[in-house]
Structure formats: C-alpha cells, structure tokens
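For reference, the chains in residue letters:
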There are 2 protein chains.
Amino acid sequence: MKKIGKQTYVMANDVFIRDAYTIAGTKEGEGPLGDNIDYIMSDSTWGEKTWEKCEAKMQQYSVENLISKNNLKKSDIDLMLAGDLLNQIVSSSFAARSLEIPFIGLYGACSTMALSMGVGALLIDGGFAENVVCVTSSHFCCAERQYRIPLESGGQRHMCAQWTVTGSGAVWLSKNNDNKDLPKIKNVTFGKIIDLGVTDSNNMGAAMAPAAADTIRQNIIDTNVNIDYDLIVSGDLGTVGKSIANKLLQDEGINIEKKYDDCGTIIYDIDKQDAHAGASGCGCSAVVFGSFLYKKLLKKEINTLLFTATGALHSPTVSLQGESVPGIAHSIGISN
Amino acid sequence: MKKIGKQTYVMANDVFIRDAYTIAGTKEGEGPLGDNIDYIMSDSTWGEKTWEKCEAKMQQYSVENLISKNNLKKSDIDLMLAGDLLNQIVSSSFAARSLEIPFIGLYGACSTMALSMGVGALLIDGGFAENVVCVTSSHFCCAERQYRIPLESGGQRHMCAQWTVTGSGAVWLSKNNDNKDLPKIKNVTFGKIIDLGVTDSNNMGAAMAPAAADTIRQNIIDTNVNIDYDLIVSGDLGTVGKSIANKLLQDEGINIEKKYDDCGTIIYDIDKQDAHAGASGCGCSAVVFGSFLYKKLLKKEINTLLFTATGALHSPTVSLQGESVPGIAHSIGISN
C-alpha cells in the first residue's frame, strides 16, 4: 500500500510537475505577482457578454496555452481534472466542452487546485495516465453575485472579507521527463471536512482555518518529516484565517510560523489594493502556485513545498437554513 | 500503462464491489424496485426541517448503514468519494462532515455515481486505498426548486420532463475479499463533455443522450469486447433520451438494443406513477445500481454489466445567458 499514516499517499514513481500557465484580471496584474502571471486580461469580461462566460474562457485559455507552449496536442492529455466555484462547475465543464479532453469534474471549493493535483498525481503514479492537466478558476464578479450580494448594490465589504481572485491556473502533470530535476509530487493528503460552526459568509478564512490546520498537521504526522518542508503554504485563508491556522497548529505543538505563508496574503498588496483580509477563490491558489510557488521551486529558492489549498463549502441555500460553513483542505507535498 | 484505446482504463488487480446500500422516498418505494431498496423514508423531510437537510441525512445514513451492516468501522474506509446535484454539493459535504472520512468531492451531475466508482476503482487498483465508499444522492423537491420552479407554484410538467429520484445509494469498493466470486470492476471509461445544443431544461434526456452514446461506443471500441456485456445500462436518460441514445449508436453501426436499458426507465412504473419521461437525478443510477443491478450480478442473472451513468451539467444561471446544456457520461465495466 502506498498509504502512510491515516490520510497520506506517497508516490512510488516520479510524478513531474512539468509546467504551469496562469491568467488573471487587472487587479491581480497590479499586485506583487503581476509580472509572473502569464497573461493579464484587459477587463472583467474579456470580450464575452457575461462574467461567467469570461471565467469559462479563462480556464479554456489556460489549458490551451499550457498545451501549445509545450508543443503538445490535446490528444496527448489523458484527463482533465477541474473544478471551480460556480454552481454546476460550469466554467470547468464549458472549458472541457471546448477542449474535448476526457473530464473528471471535482468540487472542493477553493481547495480544488490541490484536490485536482492530488487525484491527478495518484492516477499517474498508479499507471493510468501519462499526462493530466489540473485546472481551476474563479472570478470576483461571478462569485460575489452567486455567494453574497450583487455588485451593483455597492454594499460595503466587511473587514474580514476576502477578495475572490479573478484568474485561472493550469498545471501539467506527467510521468515522463528527460530532466529529472523538475519538481515532483511526493505525497498527497486528502482532508476531512472540518466545521467548527462559523456561519458568517463574510469570514471564510475563519471557516477554513481549522481544516487547513488539520490537514497540514496530518501530513506532517503521516510523513513523519518533522516540518522538513522549506515552505508550507495554505490556499486562501487570508490574514484572519492564517493567524487562526497558525494558532491552532501551535496549540498542538506544531510551530511552522517561520516557514508558513498563505496564497491569500501573497497575491495582492493587501493595504494598497484594499483587499481587506486578502484573497480567496479557486483561482487564488491556482494562480499563486503557477506564477509564484512553482517558479520558486524551479529556481531552487525552495526545494520542498507543502501546498495546502483550502475550501469553504459555503452554500447560500443552506446558510439561509441556519447551517454553518464546512471547511476542507488537501495537501500536496512537492520536492525538487 | 493501464489505459487501452483512447479513454478506457483496465484494472490490473481485483476491485471488488463488496456491498451496496440504498435509501429512497415513498414514490420510489411504490415503484417496481421498492422491495429491493434497503430503506424507504416515510415522507420527504424525514424529520428534518428542510429537504436539503433530508438529502444530506440520506447520504449519511446510506454510508453509515453500509459500514455497520458489514461490521466495519468508519476508520476502515480510506476515502469517501461523493457528489450530488445541489450547489456546492452540500449533501455530500454535510454527510462527510458527520462521517469524518477523508473526502474527495466530485461533480458530474447525474453521472456522479459512475464517476465516483471509476475514480474509486482506480485508486484501489493503483494501490492507494483498500476500501472506499462511493455515494451520491438526489431529492426531487430540492432539485425542482434549485433547477426549475418552486413546487409551491404547481406548474404543469412537460411530457419530456423527468422526475428526480429522491434517494441515495452507497457502494463499498475493496481490494480484499475472501470470496472471489463477487462482482468486480474491470474497466472504467471517463467521458468527454458532449453538447449538441439542447437548451430546454425540461428535456435533460435529449441533452445527455449524445454523451451516453459516445462513452458507451468508446468503451466498446477501447475494450474491443464487441458488445460482450450481458447488459448495458445508461444512467437516467428516461424514455426520450434512451431512444435517442439507441438511435445514435445504431447510426454508428452499434446495435445494443436487445441488451440495453436505462435506470431512468426502471425505477418507476412510468405510466401508473405519472413520471412522464421517467426518472433522473444522481440518486437514480445510484439507487437502481445498488438495489437492482448489483443484485442481478450477485444472483448471476447477469455476469457482465456496462454501467454508464449520465449527467446534464445544467446551470440555471448560464441557461439564462443563452447557453446550452453540456452532457457527460462515464462507463464502469463490471463482471463476476
């Protein structure tokens, strides 16, 4: 068995992260990672009639460009593993419709980038696929109107609210590579749903932090690496959730503070860009991974990374029925 | 590689379908499969305040009973693979919250039962998991108000509309079994998104039929079995979609009519129960598989089965934007 400990799967074979492609909106382009993002859209619709169509186009474009820049054909990709925040994951399914690649639809809210890379890695290691593409997206305008309030109403945002990233990131995983020096997925921890009762849809960071802490802790225990990662990055907890996750881990005797960061605090200059508690959305961890973390690995600025995307499975329908927001997190252990 | 042809994965090891558990509503209980369903709820809320909470309880109950009737503990299950029709797959995530099993959230609309069994089978065959639970659900009342119109309005149903099954089915897949005679998953075909432009949300059968035909055809070509299955069953095309799928396959020279059936035409007595074009919903193929098809395999009434659940990735939001309904289907090849 390739399972170690309670929840972690180790790769018996090389699973290379061959390349990544990222696309994002103007706000993300103006942020600290702007120069690293492959393509910055000119506006929030990108020639489409609606934000939803724009988001689907972002996913399609991410995958198409990832494929073409590597001189691949669509038929070289065995499977596309994708999901997004929109109901019925329409961005992913519409992108998959255009791409004509066999499609595994996933839903892990903002944890989806790690979920897709985790399932993809296992399918490659298990000998089923040679090449898979993992892709997610989010769009600020679609997310606000689906989950909260229409933008047109101009409501004031809470200080613990996060700004949903407009962007998409696609990653190519492969069993083959002539250059053995590329980053490889070494282990995957699939998380449990953790719900400590947060009911405030403007405080997703607090809802997700316990799940992030739980999965990071489980990965560290299962792999017995004793915090051997150069960098541990959670998905999109933002400033509020990040401090809670840190505190929860410290309470359990795990101090990762010096090597811990969060995608939700990286992509915007939070103060200058009025992002309140930071960034969120499926696109947040996807774009930060593809444009920043992956490049840090390539440049050997870090050699090991625990990438833990986090999701708040928030449903407006059941929130109105008094339910809280379940959180989940999945961890991907990567090393050069 | 375990991939054969273009889209099909073959198991190198035994992946046993160890057991199944099904639960459904009163209408399903009064139908032809009523006596085979493990538990029939007394009403549409089952003691909960809302239909959504009832649906989550159904999933939870399916898995708990599947586990307890086999004298397992929750900790014996490596992964729960689940999805449903509700936005943010809340039935699955709330069930997973109670069950505390590591969770892979999937979205394939009504194709989710096959999608979960497909991914689960690969994870077992690949040596990652010993035991997984695959589960889905749907609820007529939740689905109608989310996708179409509030039930309270009493709108007349179209004759090509299908009735969303209120029910949940859970399946236990395992690498271990002393009795080698149990049904085993032999191959999995993950489908592509196929969309021939159907925009009528009351005719999901027509939207899904091309995807069903495409995946069934691909499985037959890839495995080169030349229609060697005793029975080929699609997910929930209903009477309208079933006849279209048959016609599309015949047009390609594949005649499966004599051994072909559809879950959407099996679970209700369509004429007596006023089900119009038949049944649909994630719960449809899950309940029909667990209560009927699996038992036919156990009794050796059939020895090989191609189970092809079908999904219409219909989104009310993008339908209002003029978009059509993409379809998908995933096939699971099973033999004794």
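A quick note: this is a predicted structure, and the numbers were derived from the prediction, not measured.

Calculation criteria
- Residues numbered from 1 in each chain as written.
- Chains lettered and ligands numbered in written order.
- Predicted model: local features only at pLDDT ≥ 70, side-chain atom pairs only at ≥ 80, totals over all residues.
- Helix = DSSP H or I, 4+ residues; strand = E, 2+ residues; numbered from the N terminus.
- Rg over C-alpha atoms; globule rule 2.2 N^0.38 Å.
- Contact = placed C-beta atoms within 7 Å.
- Nonpolar A, V, L, I, M, F, W, Y, C, P; charged D, E, K, R; others polar.
- Buried ≥ 20, exposed ≤ 12 C-beta atoms within 10 Å, placed from the backbone.
- Pairing = 2+ DSSP bridges.
- Expected span 1.5 Å × (residues − 1).
- Domains from an automatic or database assignment.
- Least-squares fit on C-alpha atoms with pLDDT ≥ 70 in both.
- Axes fitted to C-alpha atoms, helices over the stretch in contact; angles between N-to-C directions.
- Parallel < 35°, antiparallel > 145°, perpendicular 65-115°, else oblique.

Caption draft 1: Representation of the overall build of chain A in the model. Regarding its fold elements, chain A presents 10 helices and 15 strands. On C-alpha atoms alone, chain A measures out to a radius of gyration of 18 Å, which is about the 20 Å that the 2.2 N^0.38 rule sets for 336 residues. Its C-alpha atoms put chain A at 55 × 50 × 35 Å along the principal axes. In chain A, once contacts between residues fewer than 6 apart in sequence are set aside, the share between residues at least 24 apart is 79%.

Caption draft 2: Focus on the interface of chain A and chain B. Chain A puts 52 residues into the contact, and the matching count from chain B is 52 residues. Of the residues that constitute the side of chain A that touches chain B, the class distribution is 26 nonpolar, 15 polar and 11 charged.

Caption draft 3: Geometry of the pairing of strand S3 (residues 16-24) of chain A. Residues and elements named next belong to chain A. Counting buried residues in S3 gives 7 out of 9 residues, a clear majority hidden from the surface. In terms of strand pairing, S3 meets strand S4 (residues 39-40) through 2 bridges, oriented parallel. Across the sheet, the residue bridging to Ile-23 is Tyr-39, located in S4.

Caption draft 4: Expanded view of helix H7 (residues 238-251) of chain A. Residues and elements named next belong to chain A. With 14 residues, H7 should cover 20 Å at 1.5 Å per step; its first-to-last C-alpha distance of 20 Å lies within 8% of that length. For H7, every residue scored as buried is listed here: Gly-238, Val-240, Gly-241, Lys-242, Ile-244, Ala-245, Asn-246 and Leu-249. Elements in contact with the buried residues of H7: helix H6 (204-223), strand S11 (231-234), strand S12 (260-262), helix H8 (263-266) and strand S13 (279-280). Two residues or fewer after H7 comes Gly-253, characterised by a positive phi angle close to 80 degrees.

Caption draft 5: Broad picture of the domain arrangement of chain A. All names here are of chain A. When its domains are assigned, chain A resolves into domain 1 (14-174) and domain 2 (184-335). Its C-alpha centre places domain 1 at a distance of 18 Å from the equivalent point of domain 2. Residue-level contacts link 51 residues of domain 1 with 54 residues of domain 2. Every element with two or more residues in the side of domain 1 that touches domain 2 is listed here: S3, helix H1 (26-29), strand S5 (79-84), helix H4 (112-125), strand S7 (131-138), helix H5 (140-147), strand S8 (163-164) and strand S9 (167-174). Here the element with the most residues in the side of domain 1 that touches domain 2 is H4; it accounts for 8 residues. Of the residues assigned to the side of domain 1 that touches domain 2, the class counts are 26 nonpolar, 18 polar and 7 charged.

Caption draft 6: Representation of the relation of the copies chain A and chain B within the structure. Placing chain A over chain B gives an RMSD of 0.0 Å and needs a rotation angle of 180 degrees, together with 0.0 Å of translation along the axis. Accordingly, the operation relating the two chain copies is best matched by a two-fold axis. The residues that chain A uses at the interface reappear at the interface of chain B in 100% of cases, marking a shared surface.

Caption draft 7: Just the packing of H4 of chain A against helix H9 (residues 282-298) of chain A, in detail. All names here are of chain A. One way to put it is that H4 packs onto H9 with a least axis distance of 7 Å and a crossing angle of 60 degrees. As far as their axial angle goes, H9 and H4 are oblique. Contact residues: Thr-112, Met-113 and Ala-114 in H4; Cys-282, Ser-285, Ala-286 and Phe-289 in H9. Residue composition of the contact of H4 with H9, grouped by class: 5 nonpolar, 2 polar and no charged.

Caption draft 8: Seen up close, the environment of Ala-286 of chain B. Residue and element names in this part refer to chain B. With respect to the element layout, Ala-286 can be found in helix H9 (residues 282-298). The exposure class of Ala-286 is buried, given the 38 C-beta atoms found within 10 Å. Ala-286 sits 121 residues away from Val-165 along the chain, and the two C-alpha atoms are 9.8 Å apart.

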